Amino acid sequence: MLLRRAGSVVLLVSMAAVAGCGAAPPKSGPSGVDGLVIPTPSADPADFRAGIDNPWLPLTPGTTWEYDVRGAGDTGSRTVTVADSPTEIAGIEATAVRSVERDGSGQVLLDASEWFAQDRAGNVWKLGEETKELRSANLAVTVSWRAGAEGALAGVVMLGKPRVGDGYQHELAPGVAADRSSVVALDAEVAVPAGSYDDALQTEDTSAMSPDVEGESYYARGVGLVLESADEVEIELVEMRTAGQSRD
């Protein structure tokens, strides 16, 4: 989820976006998730509702998550914020989430927007993203896709009723993104600067765009993503603030 840098979920940038282009993988089937076709070639707006209150991935407008980013001897930060206003994609009212990643000096390395919507069964779908990554002082790379455009398909980033063994594809954007997660635990223990959790949802994360990279993510009820690791990069939640709550 959300924003991964593997070469981010989150809230939330896909591993594929940073890894570069490649051949599109075959479309996956339901993978044991209650008959859902993931990714879907035809998301029906009537199947979706306004807002996202999935307990593992609550995306309430105005909420902000602050993360520490560590890897390869470098440190940085990531700020993830849910926008106040929705964006319409493929006829669906989508929740916009912006993530900004900085290095230790405050230089912006990555600026991304992702769009999500929750269906009436509580599953959270990813409908698109736009990511700008600074690779050097003179090179900035932007990748984007939206469901229903140029062959891109919406996928699931969080299930309404996750079960150990469930697998689901986050999206299918040919040549751009094809991430996948599998649920491995619903009672994982994890400790980060923001707190300790003993009933976290743990997933294993892969991408057809960068098959040599494997990661794992941990989500806490009522909080969302608290820990993510991939390709020797670790992202830990430091603080979560709701709308109107000031920084300590």
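Above: the structure in question.
Quick summary incoming for the structure in this document. Computed from a predicted structure; not experimentally measured.

**Quick look at the overall build of the protein**
Next, step 1: Secondary structure summary: the protein contains one helix and 16 strands in total.
Next, step 2: Per-residue burial for the protein yields a buried fraction of 52% across its 248 residues.
Next, step 3: As displayed, the protein has an accessible area near 10600 Å², and 47% of this comes from carbon and sulfur atoms.

**Some thoughts on the environment of Y67**
Next, step 1: Its place among the elements puts Y67 in strand 2 (residues 64–71).
Next, step 2: Since its relative accessible area comes to 3%, Y67 is described here as buried.
Next, step 3: For the pair Y67 and L237, spaced 170 residues apart in sequence, the C-alpha to C-alpha distance is 4.4 Å.
Next, step 4: If we ignore the near neighbours within four places in the chain, the residues touching Y67 are G76, S77, R78, V80, L225, I235, E236, L237 and V238.
Next, step 5: At 2.8 Å, the side chain of Y67 forms a polar contact with the backbone oxygen of L225.

**Some thoughts on the packing of aromatic side chains**
Next, step 1: Per the stated rule, a full pass over the model turns up one aromatic pair.
Next, step 2: Centre to centre, the rings of F48 and W125 are 6.3 Å apart; their planes meet at 75°, and the pair counts as edge-to-face. Placement of F48 in strand 1 (residues 48–49) and of W125 in strand 7 (residues 124–136) is noted, with a sequence separation of 77 residues between them. The residues F48 and W125 share a single accessibility class, namely buried.
Next, step 3: Positioned above the aromatic ring of W115, the side-chain terminus of R146 is 4.4 Å from the ring centre.

**Remarks on the pattern of salt bridges**
Next, step 1: Applying the stated rule across the entire model yields twelve salt bridges.
Next, step 2: Note that E129 is salt-bridged to K126, the shortest N-O span being 2.4 Å. No difference in accessibility class separates E129 from K126, as the two residues are buried.
Next, step 3: Among the charged side chains, a salt-bridge network with shared partners connects E114, K126, E129 and E171.

**Observations concerning the nonpolar core**
Next, step 1: Counting 54 residues, the largest nonpolar core has L59, W65, W125, L127, V190 and V226 as its most contacted members.
Next, step 2: Of the residues forming this core, the biggest block, five residues, is contributed by strand 12 (residues 179–192).

**A closer look at the pairing of strand 13 (residues 195–207)**
Where a strand is regular, its side chains alternate between the two sheet faces.
Next, step 1: Of the pairings in the sheet, the one linking strand 12 to strand 13 comprises ten bridges and is antiparallel in character. Directly across from V183, in strand 13, lies its bridge partner T203.
Next, step 2: What sits between strand 12 and strand 13 in their antiparallel hairpin is a turn of two residues.
Next, step 3: Between the end of strand 13 and the start of strand 14 (residues 214–220), which pair antiparallel, lie six residues.

**Observations concerning unusual backbone geometry**
Next, step 1: The residue after I38, namely P39, is reached through a cis peptide bond having omega -5°.
Next, step 2: Examined against the element boundaries, P39 turns out to sit in the loop between helix 1 (15–19) and strand 1.
Next, step 3: A positive phi is found at A90, a non-glycine position, where the angle reads about 55°.
Next, step 4: Here A90 is to be found in the loop between strand 4 (87–89) and strand 5 (92–103).

Criteria and thresholds
Residues numbered from 1 in each chain as written. Predicted model: local features only at pLDDT ≥ 70, side-chain atom pairs only at ≥ 80, totals over all residues. Heavy atoms only, no water. Helix = DSSP H or I, 4+ residues; strand = E, 2+ residues; numbered from the N terminus. Buried < 20%, exposed > 50% of the residue type's maximum accessible area, 1.4 Å probe, protein only. Areas by Shrake-Rupley, 256 points an atom, 1.4 Å probe, with all protein chains shown as cover. Contact = heavy atoms within 4.5 Å. Polar contact = N/O pair within 3.5 Å; in protein donor to acceptor, adjacent residues only side chain to side chain. Phe/Tyr/Trp six-rings, centres within 6.5 Å; stacked < 30°, edge-to-face > 60°. Lys NZ or Arg CZ within 6 Å of the ring centre and 35° of its normal. Salt bridge = Lys/Arg side-chain N within 4 Å of Asp/Glu carboxyl O. Core = buried A, V, L, I, M, F, W, Y, C linked by side-chain atoms within 4.5 Å. Pairing = 2+ DSSP bridges.

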